[in-house]
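The lines below spell out each chain.
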Amino acid sequence: MSQAPPNPPTQAGALGPADPTAVRVALLLSAIFNILSAIGWAFTCVGIVLSVPLVILAIFEFMLFAKLSSPPYAQHRGRAQVIGILEICTLIAGNLPSVICGILVLVFLDKLRD
């Protein structure tokens, strides 16, 4: 009869180094989809109402993408959370890929720590 070795002790705070890659990729994809969606909406009757906010959100996403290229990352957590929520709100414009990216940003938000 063999017994399994006991699990090594773990520390509650040992999460490894901060890695914003997942958040950065989701932000970049969402910004691209927002621009494509804004271009699509620009040719309709209500295009200005939906395309301008999508372009503005894409600009903010590109700015946060650039800021997350170097530490410290924790100071951008609040901005990333707001952008993630706004990405989910793009469901109003029918931008489903951006909604998925917004959910991913909120899920991986804990990766933005020092």
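Everything numeric in this text was worked out from a predicted model, so none of it was measured.

Caption draft 1: Molecular detail of the overall build of the protein chain. A count of helical and extended segments in the protein chain gives four helices and zero strands. Going from the N terminus to the C terminus, the protein chain shows its helices and strands as α-α-α-α. Across the protein chain, the fraction of contacts at a sequence separation of at least 24, relative to all contacts at a separation of at least 6, is 67%. When the accessible surface of the protein chain is summed, it comes to about 7,200 Å², and 72% of that surface belongs to carbon and sulfur atoms.

Caption draft 2: Seen up close, the side chain of Thr 90. As for its position among the elements, Thr 90 is in the loop between α3 (77-89) and α4 (96-107). The contact partners of Thr 90, leaving out residues within four places of it in the chain, are Asn 34, Leu 54, Leu 57, Asn 95, Ser 98 and Val 99.

Caption draft 3: Spatial organisation of the confidence of the model for the protein chain. In the predicted model, the protein chain carries a mean pLDDT of 86, and 85% of its residues have values of at least 70. When the elements of the protein chain are averaged for pLDDT, helix α2 (residues 47-67) gives the smallest value, 93, and α4 the largest, 95.

Caption draft 4: Here's a closer look at the side chain of Glu 61. Looking at the element boundaries, Glu 61 is found in helix α2. No salt bridge forms around the buried Glu 61; measuring N to O, its nearest opposite-charge neighbour Arg 79 is 12 Å away. Polar side-chain contacts of Glu 61 include one of 3.1 Å to the side chain of Asn 34. The residues contacting Glu 61, other than those within four sequence positions of it, are Leu 27, Ser 30, Ala 31, Asn 34, Ile 83 and Glu 87.

Caption draft 5: A look at the nonpolar core. Of all hydrophobic cores here, the largest spans 13 residues; its most connected members are Val 23, Leu 27, Leu 64, Leu 68 and Leu 112. Mapped onto this core, the elements with two or more residues apiece are α1 (21-41), α2, α3 and α4. No other element matches the three residues that α1 contributes to this core. With residues near it in sequence (within four places) discarded, Leu 64 still touches Leu 27, His 76, Arg 79, Ala 80 and Ile 83.

About the criteria used
- Residues numbered from 1 in each chain as written.
- Predicted model: local features only at pLDDT ≥ 70, side-chain atom pairs only at ≥ 80, totals over all residues.
- Heavy atoms only, no water.
- Helix = DSSP H or I, 4+ residues; strand = E, 2+ residues; numbered from the N terminus.
- Contact = heavy atoms within 4.5 Å.
- Areas by Shrake-Rupley, 256 points an atom, 1.4 Å probe, with all protein chains shown as cover.
- pLDDT = per-residue confidence, 0-100.
- Buried < 20%, exposed > 50% of the residue type's maximum accessible area, 1.4 Å probe, protein only.
- Lys, Arg positive; Asp, Glu negative; His and termini not counted.
- Salt bridge = Lys/Arg side-chain N within 4 Å of Asp/Glu carboxyl O.
- Polar contact = N/O pair within 3.5 Å; in protein donor to acceptor, adjacent residues only side chain to side chain.
- Core = buried A, V, L, I, M, F, W, Y, C linked by side-chain atoms within 4.5 Å.

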